[in-house]
Each structure stands twice: as structure tokens, then as C-alpha cells.
Amino acid sequence: MNEMINQLIGKNGLLFAFLFVGIIMWVSFKISATLFNKKIPGVALAVIIGLSLAFLGDKKGIADLSLFSGMAFFGGSMLRDFAVVATAMGADVNKIKSAGLAGVISLFVGVFWSFSIGVLCAYLLGYTDPASLATIGAGACTYIVGPVTGSALGVSSEIIAISIATGVVKTIVATVGTPLFAKYIQLNNPKAAIVFGGLIGTTSGGNRRLSSHRPKIGALWSSNCNILYGFGLFTLSLSFLFCPAFTS
Amino acid sequence: MKIYGVALLAFCFLAGKFLGTLLGKLIDVNGDVGGVGFAMLLLISINAWVNKKGGLEIGTKEGILFWSGMYIPIIIAMASTQNVKAALSGGPVALVAGTIVTLSAFFIVPVLSKIGKEQIKTDDHE
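Quick caveat, the model's predicted, so the values are computed rather than measured.

Definitions and cut-offs
Residues numbered from 1 in each chain as written. Chains lettered and ligands numbered in written order. Predicted model: local features only at pLDDT ≥ 70, side-chain atom pairs only at ≥ 80, totals over all residues. Helix = DSSP H or I, 4+ residues; strand = E, 2+ residues; numbered from the N terminus. Buried ≥ 20, exposed ≤ 12 C-beta atoms within 10 Å, placed from the backbone. Contact = placed C-beta atoms within 7 Å. Domains from an automatic or database assignment. Nonpolar A, V, L, I, M, F, W, Y, C, P; charged D, E, K, R; others polar. Expected span 1.5 Å × (residues − 1). Core = buried A, V, L, I, M, F, W, Y, C linked by C-beta atoms within 7 Å. pLDDT = per-residue confidence, 0-100. Axes fitted to C-alpha atoms, helices over the stretch in contact; angles between N-to-C directions. Parallel < 35°, antiparallel > 145°, perpendicular 65-115°, else oblique. Left-handed = near helix turned anticlockwise from the far one by under 90°.

(A) Examining the overall build of chain A more closely. Counting its regular elements, chain A contains 14 helices and zero strands. Start at the N end of chain A and walk to the C end: the helices and strands fall as α-α-α-α-α-α-α-α-α-α-α-α-α-α. Sorting the 248 residues of chain A into buried and exposed places 57% on the buried side.

(B) Broad picture of the overall build of chain B. Secondary structure summary: chain B contains seven helices and zero strands in total. Going residue by residue from the N terminus, the α and β elements of chain B occur as α-α-α-α-α-α-α. When contacts within chain B are restricted to residue pairs at least 6 apart in sequence, those whose partners lie at least 24 apart make up 52%.

(C) Spatial organisation of the domain arrangement of chain A. Residue and element names in this part refer to chain A. Assigned domains of chain A: these are domain 1 (2-76) and domain 2 (87-247). Each partner contributes residues to the interface: domain 1 has 10 residues there, and domain 2 has 14 residues. Across the side of domain 1 that touches domain 2, the residue classes tally to seven nonpolar, no polar and three charged.

(D) Spotlight on helix H1 (residues 2-26) of chain B. Over its 25 residues, H1(B) runs 36 Å from end to end, which matches the ideal 36 Å to within 8%, given 1.5 Å per residue. At its buried positions, H1(B) is contacted by helix H5 (77-86) of chain A together with helix H2 (35-52) and helix H3 (58-69) of chain B.

(E) The environment of Gly98(B), seen in detail. Position of Gly98(B) among the secondary structure elements: in helix H6 (residues 93-106). A C-alpha to C-alpha distance of 19 Å links Gly98(B) and Met78(B), two positions 20 residues apart in sequence.

(F) Up close: the interface of chain B and chain A. Across the contact, 75 residues belong to chain B and 100 residues belong to chain A. For the side of chain B that touches chain A, the elements supplying multiple residues, two or more each, are H1, H2, H3, helix H4 (71-79), helix H5 (84-89), H6 and helix H7 (109-113) of chain B. In terms of residue count, H6(B) provides more of the side of chain B that touches chain A than any other element does, 14 residues in total. Residues of the side of chain B that touches chain A, tallied by class, amount to 46 nonpolar, 21 polar and eight charged.

(G) Representation of the nonpolar core. Residues Val47(A), Val85(A) and Ile136(A) are the most contacted members of the largest nonpolar core, which totals 100 residues. With 11 residues, the top contributor of residues to this core is helix H10 (residues 157-181) of chain A. Once residues within four sequence positions are removed from consideration, Val85(A) is found in contact with Leu9(B), Cys12(B), Phe13(B), Gly16(B), Val36(B), Ala39(B), Met40(B) and Leu43(B).

(H) The arrangement of the environment of Thr128(A) in detail. Take Thr128(A): it is sitting in the loop between helix H7 (100-124) and helix H8 (130-139). Once the C-alpha coordinates of Thr128(A) and Gly198(A) are considered, the two residues, 70 residues apart in sequence, prove to be 29 Å apart.

(I) Here's a closer look at the confidence of the model for chain B. Residues and elements named next belong to chain B. Confidence in the prediction of chain B, expressed as mean pLDDT, is 85, and 90% of residues score 70 or more. A low-confidence stretch, residues 121-126 (pLDDT under 50), is modelled with nine contacts involving residues beyond four sequence positions or located in other chains. Here the complex is predicted with pTM 0.81, and the ipTM for its interfaces comes to 0.85.

(J) Representation of the packing of H5(A) against H3(B) in the model. Interaxial distance between H5(A) and H3(B) falls to 7 Å at its minimum, and their mutual angle equals 120°. Comparing their axes, H3(B) and H5(A) come out oblique. At the point where H5(A) passes H3(B), the crossing takes the left-handed sense. Contacts between H5(A) and H3(B) involve Phe82(A), Ala83(A) and Ala86(A) on the former and, on the latter, Ile64(B), Trp67(B) and Ser68(B). When its residues are assigned to classes, the contact of H5(A) with H3(B) shows five nonpolar, one polar and no charged.

Here is the structure:
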């Protein structure tokens, strides 16, 4: 019986990976809704579960276990980059234009700031080779820019894991911190919301969290959510362009 | 048809990667520099151009949007296949960098919000 199941999954590794990731996401969104009242986004939890599962294996994480070898293809660079490019469909050029000068500047500053501070932190903590520094700095932009940059530059899986984790920490700090700091950073008007989106480069969770605490700003935020989303994506493509270039 | 969307996406992807590799050669970096970024910009431009002429057909759009929706699951699969044991032995860099980057960026918000006088129009229909 066991033999049969192993063979079935061995032959259909990618499909088993679909099922497995589906279960991880279902569980994460349940935990996010019931335990954390959605204060920590389900996506961030799912990535954390993913990283934790990687401890079951060694160099290739969970894919070292033959049952889960399909995960390596599902999460490999080809499908990943393909899906990332597809997300650009959500960007509306007209919306980006309407964000104005402050919005556009915040984009550039956001990418440059995240990248440089990320590189600086990594450098101070003992990482010195340019490719690793760029990957961790890119991870400080978002958890997807890091790995894409990393594999383009050919860094080791360990550095890629660090860059994913950096991006996840960023998402969580942004989600939890936004309502706490909103008052102090004058995040109470649409323009500030747009600047915020450009600087932080994530909409994940922030919107819902802000709405529940300060309904008026939340509404402004929501109405600008499309712009922010476009912005997040644009930040993303900008970072893709610039991050690897910094290493040369 | 959905395959048209997937094909368009594949075209943007390959063209972007090609440009990225070319740029890498140009600045002497072994690898692809900004290929995914070029591909995204290409898709954004094609989409904007087609929108002026009435937009992509729904089926075509769905072919692209499916892959867009697979982005998060792929990230999770990717996270689970990294060498995390080695990453953890490297210390708390992720925690430190992620926290400092985000908190420090918060405080640039009021500074940049002062740029320009124009008010942002909010679209209540969305």
C-alpha cells in the first residue's frame, strides 16, 4: 500500500505539490483568521510555514524528501519568474500617473532606501560578497525581489532563504506597525497613503488593519488600493532592474 | 482563448529575459540583469496599448490572470525548498534588516508627502 502511494506521488510530483501548497495556504488563512484576527496576513504565515518545512530537509529543503520532490519544480525559478511577470497585469499606467510627483519620487526612494539599508545591515552583520549583499538588499525590497535577484546572480540557497525571510519580516512589521505609527507619520490623507505604498512597497494586510482601527483613513486607503497595488508592482519591476545592477 | 494569454505572457517573459541577459553581457555581469523587470514593463506597455483599442479579450486575460494568481503558492513552494538550516546559522540578519528597513521607511512618509501641491483624486467607484 505504502509502496503504491509512493509510486503514485513519485510519478505525479508536481500535482502533489499543488495539493500540498493548497493545504498549507488553507491552514495559514484559517490560522490568520481565527488565532490572529487577520492581524498577521495569511500569506506571511504561509511563507513562514514554507520556510519551517524546509528544515525537514537539507540543501534543497523539503524537496530532499522524495515525496516532496515536486516542490522543487513548483517553486523553481522558471515558474516563479513566469508568475511574477503575470502580476504586472494588475498595474494600471493611468493610475500610476494620477499619483503625482510625490508618488513617483516615493517609489524611487522606497526602492533605493530598502535596498541600501538592507545591504548596510547585511554588511554590518558580516556578509561581504557583492552578490549576497545585493540579494539580501533586494529581499529588503520585497520577499519576491530577493530570490529573483539571487538566482539571477547565482547566490547559494542559504542567502536566498535569508532574503525571503527579510521580506517576510518586512511584511509583518509593516502590517503590525502601520496602525501604530499612522498618527506619528501623518498617514491620514490619500497622498500620504500613496507615498506610503511607494515607500513600503506592500499592501499586504495594511489595508484591513488600518480600516479596523481608523475607519476614515482606511476608506481613503481602500479607494487608493488599486493605485498602491500598481505602485507595489512598479516598485517591483524597478527593483528587478536596479538591484542586480548594483553589484557590478 | 486562454492559451493566447499564456502565449503572450511567455513572449514577454522570454523577451525580457533576453534583454536582461544582453544587458548583463553589456555591463559584464555573468547572468541576467533585470530580465523579469523588463518582462513586466513589456507586459504593462502591451496591456496599456491594447486597452486603448478596447482591451484584451476576457479569455486571453484569464490566461494571464491564472498565472498571476499562482504567484503566492509558488513563493510558498520556493520558501520550502531553500537551505534554511544554513541560513539560520548565519545569524539574525533577516530579522534585523527587515525591521530596520520598514521602521525607518515609515518616517520618510511625512517628508515625501510634502512634495508637490497637487491633491490626489480619490475614485469612489472602486
